[in-house]
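# Tertiary structure, described
Listed below, chain by chain, are the residues.
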Amino acid sequence: MTERLESYIESQSRLEIHYWFNDNTHTMDAIVQNRCEYEVLGIIKEVAKIYSLNISIETEPFGEGGLKRWLKVISKEENKKATISTAIITALLSVILIVPLTKISEKFIDKIFEDTEMSDLQKEKLKLEIDKLKKENSVNILENPVIKKRKSNFYETLEKYPKVDKISFEVTDENKSRIQNERVVKKNEFKEFILISDDLDPIEIEDAIIEIISPVLKKGHYKWTGYLNGEPINFNMKSNEFKTLVQNGKIEFKNGSSINCALIVKKKIDNDGAVKITGYDVIRVNHYFENEKPIETKEGKNHRQKKDYEKNQPNLFTYLDEEVGN
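Just so it is clear, the structure is predicted and the values come from calculations on it, not from any experiment. (Residues numbered from 1 in each chain as written. Predicted model: local features only at pLDDT ≥ 70, side-chain atom pairs only at ≥ 80, totals over all residues. Heavy atoms only, no water.)

### Here's the deal with the pattern of salt bridges
Counted under the stated rule, the structure contains 15 salt bridges. Measuring nitrogen to oxygen at the nearest pair gives 2.6 Å for the salt bridge that ties Arg14 to Glu60. In this pair, Arg14 sits in strand β1 (residues 14-21) while Glu60 sits in strand β2 (residues 55-63), placing the two residues 46 residues apart along the sequence. Judged by relative accessible area, Arg14 falls into the buried class, the value being 5%. (Salt bridge = Lys/Arg side-chain N within 4 Å of Asp/Glu carboxyl O. Helix = DSSP H or I, 4+ residues; strand = E, 2+ residues; numbered from the N terminus. Buried < 20%, exposed > 50% of the residue type's maximum accessible area, 1.4 Å probe, protein only.)

Here it is, written out as structure tokens:
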């Protein structure tokens, strides 16, 4: 029965994209429509990549009532590494596309079963796969930068297109009958899906080791160069204390000279959702090396002492432990 059910679901499910217009026409600007579906295809491919599913995507003829488009996800081959089926891919997509960036929830997968018209057999099959997804912590899919950026691009394109009044998604079978009820996003909600900035939260590395290639010996906004984890980088030296020591000639750099520092790594998402590093800032030099001997800087010592002080400060649990001991 399980094999028949899987075959049934795999052959039937389609994602319907419905563009609703504020006039009585059934036509859409081809460039806008192609841009939107380019982003949806990108989301589909990213979801399939996450779950190691080798797929192809087919389109079906347009429908009216505004303008409707159907996309069918097909598994190219049996892939034992895949954790989910194309049926789950289709169901996930219908949810991913209607969850705003500001309302990401760990329970978003449960929305697959909201307002569904699936049979008990279909629900049984999908629930088994969804339970497996939950155990593998796959809910983080909504935080995937490619998915977030492509969803943002999709809604930003539609937000700028005056003819579209709303967008809706549903999962249908091959006869265009609903498996999962229509989910609607109105135009005044589009902004909730659009990224305000492409900048990501920076990463701070407390004890980064940078081998200095070229220090800056004069005042000005010039970038230093060095090796980080064997890769050449250009970085801003934001530590005024360390810059002053270098510019006054109190620190000399030789071949292989390195610093231990607090490093800020800045990142952003490009238009395809790929994460790019946009810059490096050294905000504190903890110590530098002379003949492989670490020399602690004043700011490095102050930071270390502050951390030690905070670590040794008593807290509520300290007092509770003392009371229990007494």
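### A word on the sheet that holds strand β3 (residues 67-75)
One open sheet accounts for five strands, arranged β2-β3-β1-β4-β5; its pairing is antiparallel. Edge strands, defined here as strands with exactly one partner in the open sheet, are β2 and β5 (178-186). Across the sheet, the mean angle separating the axes of adjacent strands is 20° when strand polarity is ignored. Where β1 and β3 come together, five bridges link them in antiparallel fashion. Its bridge partner being in β3, Ile17 is matched across the sheet by Arg69. (Pairing = 2+ DSSP bridges. Axes fitted to C-alpha atoms, helices over the stretch in contact; angles between N-to-C directions.)

### Re the nonpolar core
Within the largest apolar cluster, 41 residues are counted, with the highest numbers of intra-cluster contacts made by Tyr19, Val47, Leu158 and Ile167. Mapped by element, the contributors of at least two residues to this core are β1, α2 (30-50), β3, α3 (86-96), α5 (145-159) and β4 (164-172). The element best represented in this core is α2, accounting for seven residues. (Core = buried A, V, L, I, M, F, W, Y, C linked by side-chain atoms within 4.5 Å.)

### Topic: the confidence of the model for the protein chain
For the protein chain, the average pLDDT comes to 82, and 78% of its residues sit at 70 or higher. The least confident element of the protein chain is helix α1 (residues 2-12), whose mean pLDDT is 45; the most confident is strand β8 (residues 231-237), at 96. For residues 1-11, every residue scores under 50 in pLDDT, and the model assigns this stretch 15 contacts once sequence neighbours within four places are set aside. (pLDDT = per-residue confidence, 0-100. Contact = heavy atoms within 4.5 Å.)

### Considerations on the side chain of Ser13
Topologically, Ser13 is positioned in the loop between α1 and β1. In contact with Ser13, other than residues within four places in its own chain, are Lys72, Ala87, Thr90, Val171, Thr172 and Ile179.

### Overview of the pairing of β1
Where a strand is regular, its side chains alternate between the two sheet faces. In terms of burial, β1 is a largely internal element, seven of the eight residues being buried. Looking at chain direction, β1 and β4 are connected through eight bridges and run antiparallel. Across the sheet, the residue bridging to Trp20 is Lys166, located in β4.

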